[in-house]
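# Structural description and commentary
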Amino acid sequence: MNSQHDDVIAVDSAVPAEVSELDKKSRREKIYTRAIEGRFQRLRLYTGWPLLLGYFLLPWLMWDGREAILFDLPARKFHILSLTLWPQDLILLAFILIIAAFTLFTVTALWGRLWCGYTCPQTVWTAIFMYIEQRFEGSRNQRIKLDQEPMSWRKLRKKTLKHCGWGLVAAFTGLTFVSYFVPARQLLPDLLTFSADLGAASFVLLFSAATYLNAGYLREKVCTDMCPYARFQSVMFDKNTLVVTYDTDRGEPRGSRKRFASKESHQGDCIDCELCVQVCPTGIDIRDGLQYECIGCALCIDACDSVMEKMGSPKGLVGYASENALAGQKTTGIPPKILGYIAALLVMLALFTSSLFNRSLVDISVSRDRGQLYLPAAGGLIDNVFEIRVTNRSDEVATYRIEAVGITGASILGEESITVLGGELFELGVRLRADPSNLPFPGTPVLFRAVSIHHEAIYAEAESRFIRPAL
Ligand code: SF4
Ligand code: SF4
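To start, this report covers the structure provided alongside it. Model, not experiment: these values are computed from the prediction.

It is worth spelling out the overall build of the chain at this point. When helices and strands are tallied, the chain shows 16 helices and 16 strands. Relative to the 2.2 N^0.38 estimate, which gives 23 Å for 471 residues, the radius of gyration of the chain is 33 Å and therefore markedly larger than a compact globule would have. Looking at the chain as a whole, 42% of its 471 residues are labelled buried. Considering only contacts within the chain whose residues lie at least 6 apart along the sequence, 69% involve residues at least 24 apart. Within the structure as shown, the chain displays about 25700 Å² of accessible surface, and the carbon and sulfur contribution to it stands at 63%. Distance between charge centres in the chain, computed from 50 positive and 50 negative side chains, equals 5 Å.

Let's shift gears to the packing of helix α5 (residues 121–137) against helix α7 (residues 153–179). One way to put it is that α5 packs onto α7 with a least axis distance of 8 Å and a crossing angle of 155°. In this view, α5 runs roughly antiparallel relative to α7, as classed from their interaxial angle. The way α5 lies across α7 gives a crossing that is right-handed. Across the interface between the two elements, W125, I128, F129, I132, E133, F136 and E137 from α5 touch K158, K159, L161, K162, G165, W166, V169, A170 and T173 from α7. Per-class residue counts for the contact of α5 with α7 are 9 nonpolar, 2 polar and 5 charged.

On to the sheet that holds strand β15 (residues 443–452), then. As summarised here, the arrangement of the 4 strands in space is β13-β11-β15-β16, forming an open sheet in which the pairing is antiparallel. Since the sheet does not close on itself, it has two edges, and those belong to β13 (417–420) and β16 (459–467), each with one partner. Strand-to-strand, the axes of this sheet are offset by a mean angle of 25°, without reference to chain direction.

Around ligand 2, a shell composed of Y246, C270, I271, D272, C273, E274, C276, R287, C304, M308 and V318 is seen. Of the residues contributing to the shell around ligand 2, the split by class is 8 nonpolar, no polar and 3 charged.

Turning to the site of ligand 1, a few remarks are in order. Within the structure, ligand 1 sits among 13 residues, and C280, C294, C297, A298 and C300 are positioned closest to it. Across the shell around ligand 1, the residue classes tally to 11 nonpolar, 2 polar and no charged.

Another aspect to go through is the packing of α7 against helix α8 (residues 184–192). Viewed as axis vectors pointing N to C, α7 and α8 meet at an angle of 135°, and their least axial separation amounts to 9 Å. In this view, α7 runs oblique relative to α8, as classed from their interaxial angle. You can see that α7 and α8 cross each other, and the crossing is right-handed. Of the residues in α8, those touching α7 at L175, V178 and S179 are A184, L187, L188 and L191. Partitioned by chemical class, the residues of the contact of α7 with α8 number 6 nonpolar, 1 polar and no charged.

If you trace the 3 strands from one edge of the open sheet to the other, you get β3-β4-β5, paired in antiparallel fashion. Sheet topology places β3 (69–72) and β5 (83–85) at the edges, where each strand pairs with a single neighbour. Neighbour-to-neighbour, the strand axes of the sheet open up by a mean angle of 15°, direction not taken into account. When β3 meets strand β4 (residues 77–80), the two strands line up antiparallel, connected through 4 bridges. Its bridge partner being in β4, I69 is matched across the sheet by I80.

The rules we used
Residues numbered from 1 in each chain as written. Chains lettered and ligands numbered in written order. Predicted model: local features only at pLDDT ≥ 70, side-chain atom pairs only at ≥ 80, totals over all residues. Heavy atoms only, no water. Helix = DSSP H or I, 4+ residues; strand = E, 2+ residues; numbered from the N terminus. Rg over C-alpha atoms; globule rule 2.2 N^0.38 Å. Buried < 20%, exposed > 50% of the residue type's maximum accessible area, 1.4 Å probe, protein only. Contact = heavy atoms within 4.5 Å. Areas by Shrake-Rupley, 256 points an atom, 1.4 Å probe, with all protein chains shown as cover. Lys, Arg positive; Asp, Glu negative; His and termini not counted. Charge placed at Lys NZ, Arg CZ, Asp CG, Glu CD. Axes fitted to C-alpha atoms, helices over the stretch in contact; angles between N-to-C directions. Parallel < 35°, antiparallel > 145°, perpendicular 65-115°, else oblique. Left-handed = near helix turned anticlockwise from the far one by under 90°. Nonpolar A, V, L, I, M, F, W, Y, C, P; charged D, E, K, R; others polar. Pairing = 2+ DSSP bridges. Near = heavy atom within 4 Å.

In structure tokens, the structure reads:
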């Protein structure tokens, strides 16, 4: 038979008195989060896993015989599936960054810190590290006790296993990150045989150490003290933005109560169990109102929903709500700020698409031979020597005809066509011969053109000058 006492959920009733004291003390120094399950945590799992799998597996994916995603810095080429981007395509990268920024602004204005709570790498990796911590050191209360215990074999074993787990995840994270710049199939064996390039190995070490430190130790401090996004996102918020909130009208006055008792008593629905505080990764109390430390992870919603379920009260005492919704005001239409973000996003997407599909598939640059200004040739003619660099920016082999236009009767001596592999650069020395009588200036402009012999519409041109002696 349940006693009256059994029906009351007391504050941290499962925790021994000495642990509760330790708990209060430790909260100021280190946050011990309690694990919780619920619908929003399942959502985080479903959204997090595809992103994690994508991050770890993409460097191993091959596409047309090469890595599907590779930022090849030494060759100054970025491969993204069948697309190869060159330094000249940096504008596309700028568009991608601007599009990402406006997407983030729009999402934040509509749904608050969705990025921080569900997809930010800091949140995701911290969750992985916390999971490992719980696997080896136990529940929240067991971890608090373990940290207070003097060193023993048991404690050493638990701590060592935890740090090995963290180290393994951090090492794979660092290795994967560098694999976006150095092919993974080359980097991993090189690292295992200690024959990796020193620069690549150093970066793997650096990113592994950063992951270990950020997700293992700094955790919420990255969000609360270091992340600039946390500071300026409040300018994107308005009264219609969805944020995690505590329903004060329904919850107060808080305090222990019997199940199903809120309707009869003058007591609010909050039983002051502090479960919402214990699960919070940033250690805040959502009942104190909207705080910039809140990353919108919804752990407190799941925690409070589980308590409300046990108490026989409706869920949602802590939940997603806008300021207007809490005040009982209806939202009409889309606010101008959101419309502005969406309009800017659409313009950027249109510019990006047009730049991507209209970018030239061939590039040419010309420089004069620095050795001699001009060379006298038979019959009173003059030669100039040029260095021509043709870049095939497509993924297929292409043959180009080299033309020189702008000087009557000028002719190229030797090779006039070149074959360039997809994504490669071809350097060619060109000797151009002209009659001085057709050169009106000491430095007459001449245009060099590389024209695809299969698609005449694909061409690139670059200007230089043909030098002649003073007449
Ligand atoms: S208050 Fe709630 S939503 Fe905000 S960080 Fe803490 S647990 Fe996450
Ligand atoms: S808001 Fe919910 S979880 Fe937090 S103390 Fe009150 S009843 Fe407990």
